[in-house]
Protein chains: 2
Amino acid sequence: MTTEGLTPPPFDATTEWLRGEGESADVVLSSRVRLARNIAGHPFVIKAGRKHRQRTLELCRERVLHAGLATRVAWYELHRAPHLERALLVERHLISKQLSKGRASCGGPEDPRGVAVGLPDERLSIMVNEEDHLRIQVIRSGLALTEAWTEIDQADDRIESGLDYAYSPRFGYLTACPTNVGTGMRMSVMLHLPGLRLTGDIEKVKRAAADMCLAVRGFFGEGSEAVGDLYQLSNQTTLGKPETAILHDLERVIVPRIVEYERQSRRELLARRRVGVEDQVMRAWGLLTHARLLSTEESMQALSLARLGVQAGLLRDRAGATPDIRAINQLLLLVQPAHLQRAVGRELDQDQRRVARATLTRTRLAGG
Amino acid sequence: MTTEGLTPPPFDATTEWLRGEGESADVVLSSRVRLARNIAGHPFVIKAGRKHRQRTLELCRERVLHAGLATRVAWYELHRAPHLERALLVERHLISKQLSKGRASCGGPEDPRGVAVGLPDERLSIMVNEEDHLRIQVIRSGLALTEAWTEIDQADDRIESGLDYAYSPRFGYLTACPTNVGTGMRMSVMLHLPGLRLTGDIEKVKRAAADMCLAVRGFFGEGSEAVGDLYQLSNQTTLGKPETAILHDLERVIVPRIVEYERQSRRELLARRRVGVEDQVMRAWGLLTHARLLSTEESMQALSLARLGVQAGLLRDRAGATPDIRAINQLLLLVQPAHLQRAVGRELDQDQRRVARATLTRTRLAGG
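Residues numbered from 1 in each chain as written. Chains lettered and ligands numbered in written order. Predicted model: local features only at pLDDT ≥ 70, side-chain atom pairs only at ≥ 80, totals over all residues. Heavy atoms only, no water.

Q: Help me get a handle on the overall build of chain A, residues and values and all.
A: Along its length, chain A carries 12 helices and 11 strands. In terms of overall size, chain A behaves like a compact globule, its C-alpha atoms giving a radius of gyration of 21 Å where 368 residues would be expected to give roughly 21 Å. Principal-axis analysis of the C-alpha atoms gives chain A an extent of 65 × 45 × 35 Å. In chain A, which comprises 368 residues, the proportion classed as buried is 57%. Counting only contacts in chain A whose residues sit at least 6 apart along the sequence, the fraction spanning at least 24 positions is 73%. Counting every atom, chain A has about 14,800 Å² of accessible surface; 50% of that belongs to carbon and sulfur. (Helix = DSSP H or I, 4+ residues; strand = E, 2+ residues; numbered from the N terminus. Rg over C-alpha atoms; globule rule 2.2 N^0.38 Å. Buried < 20%, exposed > 50% of the residue type's maximum accessible area, 1.4 Å probe, protein only. Contact = heavy atoms within 4.5 Å. Areas by Shrake-Rupley, 256 points an atom, 1.4 Å probe, with all protein chains shown as cover.)

Q: So what's going on with the relation of the copies chain B and chain A? Residues and values would help.
A: In this structure, two copies of a chain are linked by a rotation about an axis accompanied by a shift along it. With an RMSD of 0.0 Å, the fit of chain B onto chain A corresponds to turning through 180° and sliding 0.0 Å along the axis. What the rotation and shift describe, once combined, is the action of a two-fold rotation axis. If distances are taken from each C-alpha of chain B to the rotation axis, the shortest is found for Gly286 of chain B, at 2.2 Å. (Least-squares fit on C-alpha atoms with pLDDT ≥ 70 in both.)

Q: Could you give me a rundown of the interface of chain B and chain A, with the residues and numbers involved?
A: At the interface, 20 residues of chain B touch 20 residues of chain A. Contact between chain B and chain A buries roughly 1,700 Å² in total, counting both sides, with carbon and sulfur atoms accounting for 58%. Remark: the boundary between chain B and chain A carries four salt bridges. Across the pair Arg283 of chain B and Glu298 of chain A runs a salt bridge, and its minimum N-O distance is 2.8 Å. Our count for the chain B to chain A interface comes out at eight residue pairs in polar contact (both at pLDDT 80 or more). It is helix H8 (residues 274–290) of chain B that contributes the most residues to the side of chain B that touches chain A, 11 residues altogether. (Buried area = accessible area lost by both parts, 1.4 Å probe. Salt bridge = Lys/Arg side-chain N within 4 Å of Asp/Glu carboxyl O. Polar contact = N/O pair within 3.5 Å; in protein donor to acceptor, adjacent residues only side chain to side chain.)

Q: Which residues make up the packing of aromatic side chains, and what values do they have?
A: Evaluation of the coordinates by the stated rule reveals six aromatic pairs over all chains. Note on Tyr167 of chain B and Tyr173 of chain B: the rings are 4.9 Å apart at their centroids and 70° apart in plane angle, and the pair reads as edge-to-face. We classify Tyr173 of chain B as buried; its relative accessible area is 13%. Each member of the aromatic cluster is reached from another via a ring pair, and the members are Tyr165, Tyr167 and Tyr173 of chain A. A cation sits over an aromatic face here: Arg37 of chain A above Tyr173 of chain A, 3.5 Å from the ring centre. (Phe/Tyr/Trp six-rings, centres within 6.5 Å; stacked < 30°, edge-to-face > 60°. Lys NZ or Arg CZ within 6 Å of the ring centre and 35° of its normal.)

Q: Any chance you could break down the pairing of strand S6 (residues 134–141) of chain A for me, citing the residues and the numbers?
A: All names here are of chain A. By the criterion of burial, S6 is predominantly enclosed, with eight of the eight residues buried. The alternating pattern of S6 places Leu134, Ile136, Val138 and Arg140 on one face and Arg135, Gln137, Ile139 and Ser141 on the opposite face, and all of these are buried. Relative to S6, strand S5 (residues 124–128) is paired through five bridges, and the arrangement is antiparallel. Across the sheet, Ser125 pairs through a bridge with Gln137, a residue of S6. (Pairing = 2+ DSSP bridges.)

Q: Describe the confidence of the model for chain A, with residues and values.
A: All names here are of chain A. When pLDDT is averaged across chain A, the result is 91; 94% of the residues are at 70 or more. For the stretch residues 1–6, pLDDT sits under 50, and the model shows 21 contacts to residues farther than four places along the chain or on other chains. Scoring the predicted complex yields pTM 0.90 and, for the interface, ipTM 0.88. (pLDDT = per-residue confidence, 0-100.)

Q: How would you explain the packing of helix H8 (residues 274–290) of chain A against helix H9 (residues 296–311) of chain A if you had to name every residue and give the values?
A: Residue and element names in this part refer to chain A. Running from N to C, H8 and H9 cross one another at 130°; their axes reach a closest spacing of 8 Å. One finds that H8 runs oblique with respect to H9. Handedness of the crossing formed by H8 with H9: left-handed. When H8 is examined against H9, the residues Val277, Gln280, Val281, Ala284, Trp285, Leu287 and Leu288 are found in contact with a partner set consisting of Glu298, Ser299, Ala302, Leu303, Leu305, Ala306, Leu308 and Gly309. For the contact of H8 with H9, a count of residues per class yields 11 nonpolar, three polar and one charged. (Axes fitted to C-alpha atoms, helices over the stretch in contact; angles between N-to-C directions. Parallel < 35°, antiparallel > 145°, perpendicular 65-115°, else oblique. Left-handed = near helix turned anticlockwise from the far one by under 90°. Nonpolar A, V, L, I, M, F, W, Y, C, P; charged D, E, K, R; others polar.)

Q: Explain the pairing of strand S3 (residues 72–77) of chain A to me, and be specific about the residues and the numbers.
A: Along a regular strand, successive side chains alternate from one face of the sheet to the other. Residue and element names in this part refer to chain A. Most of S3 is tucked away: five of the six residues are buried. As judged from the six bridges shared by S3 and strand S4 (residues 114–119), these two strands associate in the antiparallel manner. Considered in S4, the bridge of Trp75 is made with Ala116.

Q: So, the domain arrangement of chain A: which residues are in play, and what are the values?
A: Residues and elements named next belong to chain A. Annotation of chain A at the domain level lists domain 1 (2–265) and domain 2 (274–366). Taking the mean C-alpha position of each, domain 1 and domain 2 sit 27 Å from one another. Contact residues are listed per partner, giving 32 residues for domain 1 and 23 residues for domain 2. Applying the counting criterion to the domain 1 and domain 2 interface returns 11 residue pairs in polar contact (both at pLDDT 80 or more). Broken down by secondary-structure element, the contributors of at least two residues to the side of domain 1 that touches domain 2 are helix H2 (83–91) and helix H5 (194–199). Looking at the side of domain 1 that touches domain 2, the element that brings in the most residues is H2, giving four residues. Tallied by class, the residues present in the side of domain 1 that touches domain 2 amount to 19 nonpolar, five polar and eight charged. (Domains from an automatic or database assignment.)

Q: For the environment of Val310 of chain B, give the residues involved together with the corresponding values.
A: Residue and element names in this part refer to chain B. Within the secondary structure, Val310 sits in helix H9 (residues 296–311). What makes Val310 buried here is its relative accessible area of 14%. Expressed as a C-alpha distance, the spacing of Val310 and Leu69, which sit 241 residues apart in the sequence, is 36 Å. When sequence neighbours within four positions are dropped, the list of residues in contact with Val310 reads Leu315, Thr322, Pro323, Ile325 and Ile328.

Q: Go over the state of the cysteines, please, and point to the residues and values.
A: Here the structure, examined in full by the defined rule, presents zero disulfides over all chains. The cysteine Cys213 of chain B is free of any disulfide, with Cys177 of chain B supplying the nearest cysteine sulfur at 15 Å. (Disulfide = S-S within 2.5 Å.)

Q: How would you sum up helix H7 (residues 243–272) of chain A? Please name residues and give values.
A: For H7 of chain A, which comprises 30 residues, the first-to-last C-alpha distance of 42 Å matches the rise-based estimate of 44 Å (1.5 Å per residue) to within 8%. Bending of H7 of chain A peaks at approximately 35° at the position of Val255 of chain A, with proline Pro256 of chain A no more than four residues after it. (Expected span 1.5 Å × (residues − 1). Bend = angle between axes of the 7 residues up to and from the residue.)

This is how it looks when you write it as structure tokens:
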């Protein structure tokens with residue numbers, strides 16, 4: 001195990017969750033489990049002053065870097081990281097927007113906080129001093145909640161073996177926000193639902209999810225809009241239901257049902273409106289391979305249709321080959337502002353980003 | 001000279017006015033001169049019953065087929081032609097919509113009427129029993145009003161040598177509508193003005209044209225909308241000004257001024273908004289080479305931008321070559337409904353035409 005310093009992650013690392021592989025990868029982009037944990041005898045982050053935060057930061061950093069969590073673990077002190085690097089970590093889904101900003105009451109960017117990232121695949125990440133002292137997260141490609149759960153459970157045990165978690169025999173793990181008390185666990189899947197959007201049935205799915213106490217959010221989680229037909233579905237219950245029951249319901253009952261519904265929509269679209277769908281897919285491909293200016297939203301919408309096109313066998317590049325789904329998945333990340341700026345190696349204003357986004361997209365999909 | 005029967009013109013003939021050559025061909029798509037003529041001693045078409053019309057039709061047909069007007073002259077009896085063939089002739093700018101329909105008072109489609117077309121380049125056409133007994137037209141590629149005038153003047157002389165035109169020493173040629181009395185001549189140019197549309201200065205040109213008593217119309221003349229940034233500019237005066245004066249004003253003063261204004265707009269756009277213009281051009285090219293469904297209007301708008309792209313040196317196909325301007329020009333015609341149906345050899349409903357239009361466009365621009 002090596003420990004890396006302040007080096008930011010390679011902007012184009014082979015991120016596990018964009019591999020486009022695993023169960024139901026045609027619909028489930030990724031699966032994610034996160035645990036909220038706090039250290040006993042230390043005030044919750046929200047109640048802690050700067051001094052206490054600095055103390056928990058050191059405690060947690062020490063622990064996560066020596067728990068044998070991954071072959072390599074990178075550590076980022078976010079109060080020392082430039083804005084662009086923090087934005088990069090947000091875009092890679094390694095830290096939350098909240099952690100990126102820092103708490104206003106504790107100096108905002110100066111707020112002592114950090115994140116540990118398992119390299120090279122970034123499957124594991126551990127935020128320190130977010131809402132809780134520790135927010136452990138594992139992301140996997142495809143529908144793989146069980147694997148993610150097994151992995152995070154082991155990581156959790158390893159960390160706990162050297163840290164005393166705040167735990168109540170009656171309530172379970174104690175967390176800053178009551179909605180996390182109990183298991184402290186949240187599971188989510190990132191779903192790609194272009195078929196349901198095109199048939200208009202997406203609203204039914206959203207209502208059904210709400211009825212089952214599941215939250216439906218956008219590509220960047222809480223408060224974000226659904227762009228590129230990507231929806232994050234997550235459990236809301238953390239109290240009174242064991243992790244394995246939540247896992248089973250989500251992975252074996254609910255998600256498979258939505259996956260089947262999405263696949264059914266795609267089949268129906270291809271049976272009844274094939275040319276119309278093909279037209280949308282090919283126009284999107286034409287846009288991605290020709291435009292000289294692209295906004296984030298427009299490019300993500302086109303990438304969504306390209307993904308659908310590859311999976312439905314509608315999309316062929318000029319050489320007659322099916323474009324690489326991984327290249328398309330990765331672009332979902334690379335078209336984001338911080339990644340673009342990292343790619344060109346300097347800060348860009350909005351207009352310059354539109355140029356860089358179009359250039360990058362065109363270059364990456366050059367076979368098209 | 002041979003005379004052809006009812007065979008419709010080849011749908012994809014090398015039409016003179018789409019060659020994309022000649023003076024100022026970057027802005028002036030084509031130049032057209034037409035003469036309105038009537039036969040002395042016969043009632044004007046509008047006053048004539050079916051019998052008289054049949055008589056003038058025979059007289060005119062006899063004359064235009066034996067006046068040595070072109071190497072080959074095709075003759076179409078429109079009251080015997082199917083709807084689709086008449087629509088084809090309208091799209092090729094060889095007959096007017098009015099002549100295609102026939103006069104309601106004379107049985108509409110049964111109304112005796114015809115058109116003679118000089119082959120193979122379709123430069124010359126002569127409508128019989130439109131508003132006047134004879135409507136002679138010459139179309140040339142680029143700014144070539146003098147050539148068109150010389151050519152039509154000769155054709156007019158040849159026809160007149162065997163027919164007695166209705167003429168008044170005081171008023172000149174007598175025509176059914178007073179707006180044509182005098183020279184009976186109308187000159188027009190088809191202008192491609194994407195630069196002025198993009199800068200927004202097109203409205204100034206329209207107002208200036210109106211001030212000079214010039215009419216500005218769309219691609220299909222009177223009553224048609226401007227699509228594909230194509231505008232037909234024509235003189236309105238036929239009385240009190242000799243043909244050569246009109247010719248001089250239009251060809252040597254007014255059109256060159258608009259051409260220069262359009263070129264200036266393009267230069268400014270390239271200097272100030274190059275990436276934006278390139279983006280629009282490349283998006284249009286991506287659409288033309290990828291879409292599976294295309295409407296007439298959408299395809300003409302994209303073809304207009306592709307034309308601009310070729311002329312501004314912005315457009316390269318995948319092989320790095322500049323696309324053929326003639327292929328783009330010809331598509332302006334081939335995407336029209338009747339041409340599409342002719343291309344596939346059967347009647348198509350609107351949805352089928354959208355598919356056929358996209359297929360044809362993609363195939364023709366395959367280098368892209």
